[in-house]
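# A structural walkthrough
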Amino acid sequence: QVQLVESGGGLVQAGGSLRLSCAASGRSFNRYTMGWFRQAPGKGREFVAAIRWSGGSTRYEDSVKGRFTISRDNAKNTMYLQMNSLKPEDTAVYYCAATPQDVRIVVLRTEYAYWGQGTQVTVSS
């Protein structure tokens, strides 16, 4: 059984920073692509960022480029999302996800097989 557990969410003022973590357990995540998604109240779950197993290939949603950085430590089976210059519109529940392939970056929600329970990020103005 694959388990993903997010942590690091919270309340922060606009302009502040947070670092989210996603700890994976249950099996080796060798050759898994992993990603972050978010869901604001009343909206669908949207892609934020993704990273391939090697860590050398990443992709970001346009609104977070230059502010968010995705990374991973494969030895620790952990992925991170460093979020800087946060804005009120970044407020959402953030989810990590994993898919057992390392051929390409995956941005579609439906292509991810495993999901965490989510962590709330609230940015006040």
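Worth saying up front: this structure is predicted, and the values here are computed from it rather than measured.

### Thoughts on the nonpolar core
Generally speaking, nonpolar side chains in soluble globular proteins are found buried as a group. Of all hydrophobic cores here, the largest spans 28 residues; its most connected members are Trp36, Leu81, Met83 and Tyr94. In terms of nonpolar packing, the next biggest core, distinct from the first, is built from seven residues, Ala50, Ala97, Ile105 and Val106 among them.

### Considerations on the pairing of strand 8 (residues 78–83)
The buried count for strand 8 comes to five of six residues, which makes it a mostly enclosed element. In terms of strand pairing, strand 3 (residues 18–25) meets strand 8 through six bridges, oriented antiparallel. By the bridge assignment for strand 8, alanine 23 is matched with threonine 78. Inspection of the sheet shows strand 7 (residues 68–73) paired to strand 8 by six bridges, in the antiparallel sense. By the bridge assignment for strand 8, aspartate 73 is matched with threonine 78.

### Concerning the environment of asparagine 84
Its place among the elements puts asparagine 84 in the loop between strand 8 and strand 9 (92–99). On the accessibility criterion, asparagine 84 (31% relative accessible area) is partly exposed. It is 28 Å that separates the C-alpha atoms of asparagine 84 and threonine 110, two residues lying 26 residues apart in sequence.

### Details of the pattern of salt bridges
Side chains carrying opposite charge are able to pair once their charged atoms draw close together. Enumeration according to the criterion identifies seven salt bridges in this entry. Notably, a salt bridge pairs arginine 38 with glutamate 46, separated by 2.6 Å at the nearest N-O pair. For the salt bridge of lysine 65 with aspartate 62, the shortest nitrogen-to-oxygen distance reads 3.0 Å. Owing to a relative accessible area of 59%, aspartate 62 belongs among the exposed residues under this scheme. Linked by salt bridges that have partners in common, Arg38, Glu46, Arg67 and Asp90 make up one network.

### Focus on the sheet that holds strand 7
The strand order 1-3-8-7 describes an open sheet built from four strands, whose pairing is antiparallel. Two strands bound the open sheet, and with one partner strand each, they are strand 1 (3–7) and strand 7. This sheet shows a mean twist of 15° between the axes of neighbouring strands, independent of strand direction. One ladder, built from five bridges, connects strand 1 with strand 3; its direction is antiparallel. When the bridges of strand 3 are listed, leucine 4 appears paired with alanine 24.

### Details of the side chain of arginine 67
With respect to the helices and strands, arginine 67 occurs in the loop between strand 6 (58–60) and strand 7. The buried category is assigned to arginine 67, whose relative accessible area is 11%. Only 2.9 Å separates the side chain of arginine 67 from the backbone oxygen of serine 63, close enough to count as a polar contact. Ignoring any residue separated from it by four or fewer positions in sequence, one finds arginine 67 in contact with Gln82, Met83, Asn84, Ser85, Leu86, Lys87 and Asp90.

### Describing the side chain of threonine 33
Relative to the assigned elements, threonine 33 resides in strand 4 (residues 33–39). Not counting the four nearest positions on each side in its chain, threonine 33 is found in contact with Ile51, Arg52, Arg72, Ala97, Ala98, Thr99, Gln101, Asp102, Arg104, Val106 and Tyr112.

Reading guide: rules and limits
Residues numbered from 1 in each chain as written. Predicted model: local features only at pLDDT ≥ 70, side-chain atom pairs only at ≥ 80, totals over all residues. Heavy atoms only, no water. Core = buried A, V, L, I, M, F, W, Y, C linked by side-chain atoms within 4.5 Å. Buried < 20%, exposed > 50% of the residue type's maximum accessible area, 1.4 Å probe, protein only. Helix = DSSP H or I, 4+ residues; strand = E, 2+ residues; numbered from the N terminus. Pairing = 2+ DSSP bridges. Salt bridge = Lys/Arg side-chain N within 4 Å of Asp/Glu carboxyl O. Axes fitted to C-alpha atoms, helices over the stretch in contact; angles between N-to-C directions. Polar contact = N/O pair within 3.5 Å; in protein donor to acceptor, adjacent residues only side chain to side chain. Contact = heavy atoms within 4.5 Å.

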